[in-house]
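# Descriptive structure summary
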Amino acid sequence: MGEKMKNKKLETLMLWAKCKSDPAYFIANYLETFDKTKQTYVKFEPFPKQLEAIQSFKDHRYNIVLKYRQAGISTLTAAYITWLVTFAHADNPEKVLILANKRETAMEFLNKAKVFHSQLPKWVSVDIGDTNSKQHVRFTNGCEIKAVATSADALRGYTPSLLILDEAAFIEGGQDVWAACQASLSTGGDAILVSTPNGYDPIYHTTYDGAKKSENDFKIVEMRWYEDPRFNKDLKWEKEGEETIPDESQDFGKYANYIRDGFNPTAPWYLEMIRQMNGNMRLVNQEINCDFLGSGETVIDKEWIQQQEKENKRDPIRKEGYQRELWIWKDPEPGKKYVMGVDVSTGQSDDFSAFSIICLDSDEGEEQVAEYYGKMPPDELANYVWQVGNRYNAYVVIDITGGVGLPTSLKLKEMGYSQLHYPNGDKNKNPGFNIDSNRRIVVSELEESIRTNRVKIRSERTIAEMTTFVFRNGRPDHMVGYHDDLLWGLAMALYVSNTTFKEIERNKNHSAAMIDSWMTTQNENPQINSIKPPQEKEAMKQSFNNPNPNTPQRNIPDPMSPFGPMNQPAGHMYREYGWLFGGMMGRRRN
Ligand SMILES: Nc1ncnc2c1ncn2[C@@H]1O[C@H](COP(=O)(O)OP(=O)(O)OP(=O)(O)O)[C@@H](O)[C@H]1O
Ligand SMILES: [Mg+2]
């Protein structure tokens, strides 16, 4: 071999070794990405935050990336797996599985990796072996990349060495999929979860939250728009009552300090995004600010949930029961009125029974004084409601939707519980309340009571349920994988006390006897009459009753070219505006 050739070979070998040990070097020197603004392929030079992500992928087995829209993360991760399969050892081939909320998203991901592969220099001797599948690629060194839409079945018969979940917060039926993922990871695979937030979804948020609390081994990579050199031109930091600070130093340490001190970043790009999202801050919070609580379409606004959390939440004075599932904040006081709302479980394994007791005339107005959350067969629950209900002399309202609560309700009647709620006060009917046919109005009452801070919620369990209580296809419901039993008990108690009793007061002849028996003493409660619904109430109820599924389509702006004409690929259309009312099930991602 001639000297020249020998040197060439050595050079190639050194390059190969350099690329194998340094994915960032490899990506920046050999890969190209399509620049939409220039309509051409450009060198893919990862910006600092992307470099941090690559390093984290390399150093940590489990990664979770929090990202704004168009952070470049799908592209970056595709580049990373290209590096991974290119430099894998044939004795230990990589098997990458890409799962996404949609098949097209997964395939687009795989396609990016294929395009990157086609850009590799000649001296890389790894080729694609079998190209006839759009979803599954095998390389000549034994590596594989498979891309599928998420389902628990997706993992059957394929044990990945790296699992990638793209748009992880938008995966439907999340918990089953996640259980299957965890089972497959337990055999030794690595994982990368990527998403923009979608409220408190069961996979992505749960994992992120666990990582924050060091309850799992996931490493968090947080991408922020103001750290992206494409978007942070003319960056400024604002805080009310303080002078605005222009700072585009790219010093992320300083940026973190501004955030810590309560400053908010702004830039022409950001303002343009807000404008293009019609000032819909919920959308901006989700898509751009990566805010979990502000992103999901919670029925009760984040602000009011936080108000309950900060101002009203208390530790119980006592926890009773075998598993301490009955929490007490106040013992009964003579002369006070109490209403108890009961949500009976269907008896299925993951279903809980719940009740909440509200004092209507405490020193602070309406106040939660006790709450039960546990597993109990319906007849046993009747005994328990009888016992606790009598202790507070509470007016008891039981959800009998679909007949589930009926055995409990009928047993209480049989036992002679004197203060049971009947539909329209008609004792010829079965005692109880049908939530399903009153769903929206009951939720409206709940929302109003919380928004106006009229009710003081004490329980952290109830407040937690509010954060996962969303609109699903226009219907107030719990997110998949979460519960809302405590909220329904509470909502019923509030609704009945603020509506039925006003009715009762108006119709004294009909109900005098009932009111008498309901009072622990004969003190009239002025509060019942003094509750006046605020003006928005009717509008609110209207909107709950008539979520408009036919609201016109609207475009989501392209963060890459917010100033240009909205020449949008299908990938940037929200086909349905309906998801705004639909929580995670109604939302369609591209
Ligand atoms: N470092 C970079 N330099 C130039 N362009 C980049 C860079 N990183 C990503 N891009 C471009 O940004 C665009 C968005 O990338 P990508 O689709 O990977 O982002 P994403 O975070 O997955 O977005 P989405 O929120 O749509 O899933 C692509 O056109 C990509 O080529
Ligand atoms: Mg993406």
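Per chain, residue numbering runs from 1 following the sequence as it is written. Chain A is the first chain written and ligand 1 is the first ligand written, with later ones labelled in order. Per-residue local features of the predicted model are confined to residues with pLDDT of at least 70, and side-chain atom pairs are confined, for both listing and counting, to 80 or more; whole-chain, interface and lining totals are unaffected and use all residues.

## Re the overall build of the protein chain
Stated precisely, the cut-off is as follows: Secondary structure elements are defined from DSSP: runs of H or I of at least 4 residues count as helices, runs of E of at least 2 residues count as strands, and each element is numbered from the N terminus. Residue pairs qualify as contacts under a 7 Å threshold applied to their C-beta atoms, which are placed from the backbone.
Scanning the protein chain from N- to C-terminus turns up 21 helices and 24 strands. Here the contacts in the protein chain between residues at least 6 apart in sequence split such that 71% fall between residues at least 24 apart.

## Details of the site of ligand 1
Definition in use: For each residue, a C-beta atom is positioned from the backbone; the residue is called near a molecule or strand if that atom sits within 6 Å of it. Side-chain classes are defined by residue name, with Ala, Val, Leu, Ile, Met, Phe, Trp, Tyr, Cys and Pro counting as nonpolar, Asp, Glu, Lys and Arg as charged, and the others, Gly among them, as polar.
Around ligand 1 there are 17 residues in total, and Thr33, Ala71, Gly72, Ser74 and Thr75 lie nearest to it. The set of elements that each furnish at least two residues to the shell around ligand 1 consists of strand 1 (32-35) and helix 4 (73-86). Taken together, the residues of the shell around ligand 1 break down into six nonpolar, six polar and five charged.

## A look at the packing of helix 4 against helix 5 (residues 103-118)
What counts, and what does not: Angles here are taken between N-to-C directions and fall from 0 to 180 degrees, while the axes themselves are lines fitted to C-alpha atoms, restricted in helices to the stretch in contact. Should an angle fall under 35 degrees it is called roughly parallel, over 145 degrees roughly antiparallel, and 65 to 115 degrees roughly perpendicular, with every other angle called oblique. Here a crossing is taken to be left-handed if its near helix is turned anticlockwise relative to the far helix by less than a right angle, and right-handed if that turn runs clockwise.
Between helix 4 and helix 5, whose axes approach to 8 Å, the crossing angle comes to 55 degrees. By the angle between their directions, the pair helix 4 and helix 5 is classed as oblique. Read as a crossing pair, helix 4 and helix 5 show a hand that is right-handed. On the side of helix 4, the interface is formed by Ser74, Thr75, Ala78, Ala79, Ile81 and Thr82, while helix 5 contributes Phe109, Lys112, Ala113, Phe116 and His117. Here the contact of helix 4 with helix 5 is built from residues that sort into six nonpolar, four polar and one charged.

## What to know about the nonpolar core
When a protein is soluble and globular, its nonpolar side chains tend to lie buried together. Put simply, the rule is: Only buried residues count toward a nonpolar core: Ala, Val, Leu, Ile, Met, Phe, Trp, Tyr and Cys, linked into one set through C-beta atoms within 7 Å. Exposure classes come from backbone-placed C-beta atoms, where a residue is buried if 20 or more other C-beta atoms lie within 10 Å of its own, exposed if 12 or fewer do, and partly exposed in between.
Residues Val65 and Ile98 are the most contacted members of the largest nonpolar core, which totals 73 residues. Examining the composition of this core, we find that nine residues originate from one element, helix 4, more than from any other. For Ile98, the residues in contact, after removing those within four places along its chain, are Ala106, Phe109, Leu110, Ile145, Ala147, Ile164 and Asp166. Trp327, Leu420, Leu446 and Met479 belong to the second largest nonpolar core, which has 61 residues in total.

## Some words on unusual backbone geometry
In the Ramachandran plot, Cys290 falls in the positive-phi region, its phi being about 55 degrees despite a non-glycine side chain. Overall, Cys290 belongs to the buried group, with 21 C-beta atoms counted inside 10 Å. Here Asn424, not a glycine, exhibits a phi torsion of approximately 55 degrees, which is positive. Relative to the elements of secondary structure, Asn424 occurs in the loop between helix 14 (406-414) and helix 15 (435-451). On the neighbour-count criterion, Asn424 (8 C-beta atoms within 10 Å) is exposed.

## Some remarks on the pairing of strand 3 (residues 62-66)
Spelled out, the test is: Pairing between two strands is assigned when DSSP locates at least 2 bridges connecting them.
Within strand 3, four of the five residues are buried, which leaves it mostly tucked inside the rest of the structure. The sheet contact formed by strand 3 and strand 9 (residues 190-195) spans five bridges and is parallel. Bridge assignment links Ile64 to a residue of strand 9, and that residue is Leu193. Pairing geometry for strand 3 and strand 10 (residues 219-222), over four bridges, is parallel. Residue pairing in the sheet places Leu66 in a bridge with Glu222 of strand 10.

## Regarding helix 14
In an α-helix, one full turn covers 3.6 residues, which means residues spaced three or four apart are oriented alike. Quick note on the threshold: As used here, the arc is the angular range of directions from the helix axis to the C-beta atoms.
Those residues of helix 14 not exposed but buried are Thr408, Ser409 and Leu412. In a view along the axis of helix 14, the buried residues occupy a sector of 95 degrees, so they form one face of it. Buried residues in helix 14 make contact with helix 13 (378-392) and strand 19 (395-398). Looking at the residues trailing helix 14, positive phi occurs at Gly416, about 85 degrees.

## Considering the sheet that holds strand 11 (residues 236-238)
Taken together, three strands build an open sheet; the order of strands is 12-11-13 and the sheet is antiparallel. Pairing within the sheet leaves two strands with one partner each, and these edge strands are strand 12 (245-246) and strand 13 (264-266). Sheet analysis places strand 11 next to strand 13, joined by three bridges and oriented antiparallel. Paired with Trp237 across the bridge in strand 13 is Pro265.

## Looking at the confidence of the model for the protein chain
Worth spelling out the cut-off: Values of pLDDT, ranging from 0 to 100, describe the predictor's confidence in every residue of the model.
Mean pLDDT over the protein chain stands at 81; residues scoring 70 or higher make up 82%. At the level of individual helices and strands, the protein chain shows its lowest average pLDDT in helix 21 (residues 583-586), which scores 24, and its highest in strand 15 (residues 326-328), which scores 97. This model gives residues 508-556 a pLDDT under 50, and the stretch forms 61 contacts once residues within four places in sequence are excluded. Below pLDDT 50 for its whole length, residues 563-590 participates in 62 contacts with residues either more than four positions away or in separate chains.

## Observations regarding the environment of Pro246
With respect to the helices and strands, Pro246 occurs in strand 12. Overall, Pro246 belongs to the exposed group, with 9 C-beta atoms counted inside 10 Å.

## Some points on helix 2 (residues 23-30)
All of the buried residues in helix 2 are Pro23, Phe26, Ile27 and Tyr30. All buried residues of helix 2 lie within an arc of 100 degrees about the axis, which places them on one face of the element. Taken together, the buried residues of helix 2 touch helix 1 (3-21), helix 3 (48-59) and helix 4.

## Some details on the pairing of strand 17 (residues 353-362)
Counting buried residues along strand 17, eight of its ten residues qualify, which places the element largely inside the surrounding structure. Pairing of strand 16 (residues 338-343) with strand 17, which is carried by six bridges, proceeds in the antiparallel orientation. By the bridge assignment, Tyr338 is partnered in strand 17 with Cys359. Looking at chain direction, strand 17 and strand 18 (residues 365-374) are connected through eight bridges and run antiparallel.

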